[in-house]
Each structure stands twice: as C-alpha cells, then as structure tokens.
Amino acid sequence: NPILPGCLIAESFAQAGTILIRHQLGLSAPVDIYVGKIETAKFTTVVKPGQIVRHLVNLKNLNVNLGIARLQGESFVGEKSIATFSLILAVVESED
C-alpha cells in the first residue's frame, strides 16, 4: 500500500511558505530560505498516489532583521484536512 511520506508533505508545505515569503519581500530579494525548525506537525490521514495536496499557509511573523519567519497552516486533499504545521524558517542574505 504505497503512501506519500509525511516528510514530503512537510517539505512541500515549507516550499509553499518560501513562495509566500518571497512574494512578501519582493520576488527579486537576494535571500535564501531554510527550514529552521518544525515546531509542530500533526498528520490526520494518509495520502495515496494520485491524490492532490493543497496547502493553506499563513505567514504569522516575518522579521528580516533577525532572519526569522514563522509559518502556520494546514494541508488538504480535496476538502479534507490531512495535516497541520507550524514552522520556523531562516531567511538569510544570498551569498551570490
């Protein structure tokens, strides 16, 4: 019985959050964004092959001076909630 691992669901949630942060900063901002900490991750059901996961991501706090962003949100398959997350991301200047 194949399923989508929870770590990949969490990764895709974080990636959606980076898009939100880049939009907030301006897409051309020279920053790199890394997952600093997964504060909470609660999975309520499994995701099977062929199911489409949708993320609802809220940017709770963005402090560019400290280089910290806090995200919270929920992931869905259809209208059913499959996971909730709370993450801290590190936002650092690019070295390029």
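Student: How do you make sense of the packing of aromatic side chains when you look at a structure like this?
Tutor: Remark: the centre distance and the inter-plane angle together describe each pair of aromatic rings, the angle taken between the planes. Tallied over the entire structure, the rule returns two aromatic pairs. Their ring planes at 80 degrees and their centres at 5.6 Å tell us that F43 and F85 sit as a pair that is edge-to-face. One end of the pair, F43, is in strand β1 (residues 31–43); the other, F85, is in strand β4 (residues 80–93), with 42 residues separating them in the sequence. Linked through ring pairs, F13, F43 and F85 together constitute an aromatic cluster.

Student: Help me out: how do you make sense of the environment of R22 in this one?
Tutor: Here R22 shows up in helix α1 (residues 6–25). Counting along the chain gives 62 residues from R22 to T84, while the straight-line C-alpha distance between them is 22 Å.

Student: I'm lost on the pairing of strand β3 (residues 68–77) in this one. Help?
Tutor: Side-chain direction in a regular strand flips from residue to residue, so the side chains alternate between the two faces of the sheet. Alignment of strand β2 (residues 53–63) against β3, held across 10 bridges, turns out to be antiparallel. Bridge assignment links V53 to a residue of β3, and that residue is V77. Taking the residues between adjacent antiparallel strands as the criterion, β2 and β3 are bridged by four residues, where G67 takes a positive phi near 75 degrees. Bridge count for β3 against β4 is 10 bridges, and the pairing is antiparallel. Bridge pairing links E74 to T84 in β4. Between the end of β3 and the start of β4, which pair antiparallel, lie two residues, with G78 showing a positive phi angle near 65 degrees.

Student: How should I be thinking about the sheet that holds β4 in this particular structure?
Tutor: Ordered by their spatial adjacency, four strands build an open sheet running β1-β4-β3-β2, and the pairing between neighbours is antiparallel. The two strands at the open ends of the sheet, each matched to only one other strand, are β1 and β2. Averaged over neighbouring strand pairs, the angle between their axes works out to 25 degrees when direction is ignored.

Student: What exactly am I supposed to notice about the side chain of S75 here?
Tutor: The residue S75 is located in strand β3 in this model. There is a polar contact of 2.7 Å between the side chain of S75 and the side chain of H55. With near-sequence residues (within four places) excluded, S75 lies in contact with I9, F13, V53, R54, H55, K80, S81, I82, A83 and F85.

About the cut-offs
- Residues numbered from 1 in each chain as written.
- Predicted model: local features only at pLDDT ≥ 70, side-chain atom pairs only at ≥ 80, totals over all residues.
- Heavy atoms only, no water.
- Phe/Tyr/Trp six-rings, centres within 6.5 Å; stacked < 30°, edge-to-face > 60°.
- Helix = DSSP H or I, 4+ residues; strand = E, 2+ residues; numbered from the N terminus.
- Pairing = 2+ DSSP bridges.
- Axes fitted to C-alpha atoms, helices over the stretch in contact; angles between N-to-C directions.
- Polar contact = N/O pair within 3.5 Å; in protein donor to acceptor, adjacent residues only side chain to side chain.
- Contact = heavy atoms within 4.5 Å.

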